[in-house]
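Topology and contacts: notes
Chain residues, written in single-letter form:
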Amino acid sequence: MTRAAAVAALAFGCMMLTLGVTGCRTGEVSTQVEQDQASKEALAELLKYAQETGQSLVQIQRNLDQWRAAQQQEAQISSVEADLAVLRSLLSNARAAVDNKQVDVALGLLKRMARVARGVMAELPGQRIALRVERALMSLSGDQPDGARAAQAILSALDATLNAREAALVPDVVKDLEAAKAAATSDAQAAKQHLMVVLDKCGKDQAATWAYFIVEGLDGAFGAVQREAWPVAAAELEQVEVLVKKLQTALAGAGEAAAKPATETPGGEQSTGTPQAVPAPSGVTPQAPGSGQAPVPTGTAAPAQ
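A brief structural summary. (Residues numbered from 1 in each chain as written. Predicted model: local features only at pLDDT ≥ 70, side-chain atom pairs only at ≥ 80, totals over all residues. Heavy atoms only, no water.)

Note on pairing: side chains with opposite charge can pair once their charged atoms come close. Overall, the coordinates contain 4 salt bridges when judged by the stated rule. One salt bridge in this structure joins D200 and K204, with 3.3 Å as the shortest N-O distance. Here D200 falls in the partly exposed class, since its relative accessible area comes to 39%. Residue K245 pairs with E241 through a salt bridge whose shortest N-O separation is 3.9 Å. A residue pair is termed a helical-turn pair when its members lie 3 or 4 positions apart in one helix, as K245 and E241 do in helix α12 (residues 230–251) at 4 residues. In this structure, a network of salt bridges that share partners links the residues R95, E241 and K245. (Salt bridge = Lys/Arg side-chain N within 4 Å of Asp/Glu carboxyl O. Buried < 20%, exposed > 50% of the residue type's maximum accessible area, 1.4 Å probe, protein only. Helix = DSSP H or I, 4+ residues; strand = E, 2+ residues; numbered from the N terminus.)

The structure is reproduced here in structure tokens:
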């Protein structure tokens, strides 16, 4: 039985139990169900599934209820939160590998961490919003702006703003997005101006800045391990841990609000709130923290996938 058929069978079983059709295991069905070919086929799949697994319909329904509950719980979990937990777990192993000077093990773990860190950055609300705004700006460009298409992209950005699971990390851009949407079909230039304000706010997103430096730190640690510069690798990972903790704290809504403009860089330097140029590590083409992209490795030394 295919997975789709099994799910359909389980769903049908749940419906049958709700209706009180408890004699299905022995082939007893109501006249109404017998007249419905689709229901008969679904019932046959259910019975086959029950026979293959040795379960009763009650057990199948219980399993289905548990599966639905798990799906609902997973839908409520922030992917950023989940991936930061993965980073913390991998970080512990990577630091141990560096302490023990295990080159291959450390490089393998750093590659995995780089993948997860890029995922964290892409999933941050500010970055998701910025990506949708870029789509809207593209639709408003050219000689014949497509205001309707731009409005759809802006609606998607609003959805990413209002329904983000990471509420503490969402930049304050709702009013700007609403203004852009109102102007999208009537005044493309005005809509673009509002959207550029949104991009500017996303570019100053503190959470994105931390995520950017996490990726950069992992790249630095990767290069240091390749050179067997163990103290450097250890220092990079220590800084990564500090930044991961900052993101986790901000995600919980405690401490400094991550959606505000950056006031301090990982090295402790003070900022004016205006995005500053970030020096790129060797072999990396930097991307602005508000661009929705992590640093892009350009050489074989970077931990890219």
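This next bit is on the environment of G147. Residue placement: G147 occurs in helix α8 (residues 147–162). G147 gets classed as buried once you look at its relative accessible area, which sits at 11%. Apart from the residues within four sequence positions on either side, G147 is in contact with L140, A184 and T185. (Contact = heavy atoms within 4.5 Å.)

Okay, helix α10 (residues 188–203) next. The terminal C-alpha atoms of α10, which comprises 16 residues, lie 22 Å apart, in line with the 22 Å expected from a rise of 1.5 Å per residue. Among all positions in α10, only A190, A191, L195, V198, L199, C202 and G203 are buried. Contact partners of the buried residues in α10: α7 (125–140), α8 and α9 (174–183). (Expected span 1.5 Å × (residues − 1).)

Now for the nonpolar core. L87 and I214 are the most contacted members of the largest nonpolar core, which has 42 residues in total. Listed by contribution, the elements that provide at least two residues to this core are α5 (79–99), α6 (103–123), α11 (206–226) and α12. Per-element accounting of this core gives the leading share, 13 residues, to α11. Setting aside anything within four residues of it in sequence, one finds L87 in contact with M113, V116, A117, V120, I214 and V244. Grouped together as the second largest cluster of nonpolar side chains are 26 residues, L140, A191, L195 and V198 included. (Core = buried A, V, L, I, M, F, W, Y, C linked by side-chain atoms within 4.5 Å.)

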